[in-house]
Amino acid sequence: VSRELHPHDTQVPLGNTQIGGERFAVIAGPCSVESREQLLAVAEMVKAKGAIGLRGGAFKPRTSPYAFQGLGLEGLKLLKEANDQLGLPTVSEVISPEDVPMMAQYVDMLQIGARNMYNYRLLEAVGQSGKPVMLKRGLSATIEEFLLAAEYIVAQGNPQVVLCERGIRTFETATRNTLDLNAVALLKQKTHLPVVVDPSHGTGIRELVIPLSRAAAAVGADGIIVEAHLNPKEALSDGHQALTEDLFEQLMRELAPFVAAA
Ligand code: PEP
Ligand code: MN
């Protein structure tokens, strides 16, 4: 994935659009798919305000085994329904190599979560799927390890990889993670792959998502993936970091100069 071997920026397809290139991509949606009503309403909202992709977890690797684990296959079917209705391509996390062929039938981009960045059998499985992949940086992964994880996917013959900086664990506890914008600038130099930022998990605080999204655009990221919910108080996961409709609208207004540069 080195820029020395391939000097030009890669574009990675997401449905019939792509990540990478002139336009700053905004992918948005709930942390978890919770119900048809919840998903379709938030998908419609983010699409109307300019998102090019819909995120939503169906298999949720939660810190506590007693927390909501996701709707599974039912959630994938809802993501497909949302895409069929709205023409909004989808990104969702796969947590097990056996699930890859099944998930590939329902979603447009397979997400590898931070906790699985070192799961090399899973990386190989998505590499063999031929599907575009969003690879999230591990909670304590070095940039070298992050790039080598991408190599695991590409080495299987699948060059369609988007890197996602989602914050790393540091001594700081005031925010959920420390969003490493150094990494974004450095990755843009070292690799031709598109780099996106997840300011929702990167900060864990709703009020910080817009400023860090602006920072991501300023530092040269190819886009962001953000959590949004029409009723965050009722969310089954990560409600405290979800953007409300008003905040999502404000986000898109502030990013307009980047999003419009197509
Ligand atoms: C997510 O995007 O839903 C998620 C669980 O993020 P991460 O793997 O970065 O913690
Ligand atoms: Mn989340």
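Above this text you will find the structure in question.
Quick caveat: nothing in here was measured; it's all calculated off a predicted structure.

On to the packing of helix 1 (residues 36-48) against helix 2 (residues 73-86), then. To describe two helices that pack against each other, one gives the angle between their axes and the distance between the axes. Where helix 1 meets helix 2, the closest approach of the two axes is 10 Å, and the angle between their N-to-C directions is 40°. One way to sum up the angle between helix 1 and helix 2 is to call them oblique. When the axes of helix 1 and helix 2 are compared, the crossing they make is right-handed. In this structure, helix 1 contributes Arg-36, Leu-39, Leu-40, Ala-43, Glu-44 and Lys-47 to the contact, and helix 2 contributes Leu-78, Ala-82, Gln-85 and Leu-86. The residue inventory of the contact of helix 1 with helix 2, partitioned by class, reads 6 nonpolar, 1 polar and 3 charged.

Moving on: the environment of Ile-153. Here Ile-153 shows up in helix 5 (residues 143-154). Distance in space between the C-alpha atoms of Ile-153 and Gly-130 is 9.7 Å, their sequence separation being 23 residues.

Let's shift gears to the environment of Pro-211. The residue Pro-211 is located in helix 8 (residues 206-219) in this model. Judged by the 12 C-beta atoms lying within 10 Å of it, Pro-211 is exposed. For the pair formed by Pro-211 and Pro-199, sequence separation is 12 residues and the distance between their alpha carbons is 8.9 Å.

Further remarks concern the nonpolar core. Core analysis: the largest hydrophobic core is formed by 79 residues, its most contacted members being Val-26, Leu-135, Leu-163 and Val-196. Setting aside chain neighbours within four positions, we find Leu-135 in contact with Ile-112, Met-117, Ala-149, Ala-150, Ile-153, Val-161, Leu-163 and Cys-164.

Here the focus is the site of ligand 1. Taken together, Cys-31, Gly-57, Glu-93, Gly-113, Ala-114, Arg-115, Lys-136, Arg-166, Asp-198 and His-201 are the residues near ligand 1. The residue inventory of the shell around ligand 1, partitioned by class, reads 2 nonpolar, 3 polar and 5 charged.

For the rest of this paragraph, the subject is the sheet that holds strand 10 (residues 223-227). One closed barrel holds the 8 strands; their spatial order is 3-4-5-6-7-8-9-10, and the pairing between them is parallel. Strand-to-strand twist across the sheet, computed as the mean angle between neighbouring axes with direction ignored, equals 25°. Packed onto the sheet, helix 5 meets strand 7 (133-136) and strand 8 (161-165) and runs at close to 155° relative to strand 8.

Moving on, we get to the packing of helix 8 against helix 9 (residues 245-259). Running from N to C, helix 8 and helix 9 cross one another at 10°; their axes reach a closest spacing of 10 Å. Taken together, the axes of helix 8 and helix 9 are roughly parallel relative to one another. Where helix 8 approaches helix 9, its residues Arg-206, Ile-210, Ser-213, Arg-214 and Ala-217 are matched on the opposing element by Leu-247, Gln-250, Leu-251, Glu-254, Leu-255 and Phe-258. For the contact of helix 8 with helix 9, the residue count by class is 6 nonpolar, 2 polar and 3 charged.

Moving on, we get to helix 9. Look at helix 9: only 18 Å from first C-alpha to last across 15 residues, short of the 21 Å you get at 1.5 Å a residue. At Arg-253, helix 9 shows its largest bend, some 35°, and a proline, Pro-257, comes one to four positions later. Within the sequence span of helix 9, burial applies to Phe-248, Leu-251, Leu-255, Phe-258 and Val-259. Looking at the buried residues of helix 9, the elements they touch are strand 3 (25-29), helix 1 and helix 8.

Of all the positions in helix 6 (residues 181-190), only Ala-183, Val-184 and Leu-187 are classed as buried. Looking down the long axis of helix 6, one finds its buried residues gathered within 100° of arc, a one-sided arrangement. Helix 6 presents Asn-182 and Gln-189 as exposed residues on the side facing more than 90 degrees away from its buried surface. The inward-facing, buried residues of helix 6 abut helix 5, strand 8, strand 9 (195-197) and helix 8.

Conventions and cut-offs
- Residues numbered from 1 in each chain as written.
- Chains lettered and ligands numbered in written order.
- Predicted model: local features only at pLDDT ≥ 70, side-chain atom pairs only at ≥ 80, totals over all residues.
- Axes fitted to C-alpha atoms, helices over the stretch in contact; angles between N-to-C directions.
- Helix = DSSP H or I, 4+ residues; strand = E, 2+ residues; numbered from the N terminus.
- Parallel < 35°, antiparallel > 145°, perpendicular 65-115°, else oblique.
- Left-handed = near helix turned anticlockwise from the far one by under 90°.
- Contact = placed C-beta atoms within 7 Å.
- Nonpolar A, V, L, I, M, F, W, Y, C, P; charged D, E, K, R; others polar.
- Buried ≥ 20, exposed ≤ 12 C-beta atoms within 10 Å, placed from the backbone.
- Core = buried A, V, L, I, M, F, W, Y, C linked by C-beta atoms within 7 Å.
- Near = placed C-beta within 6 Å.
- Pairing = 2+ DSSP bridges.
- Expected span 1.5 Å × (residues − 1).
- Bend = angle between axes of the 7 residues up to and from the residue.
- Arc of directions from axis to C-beta.

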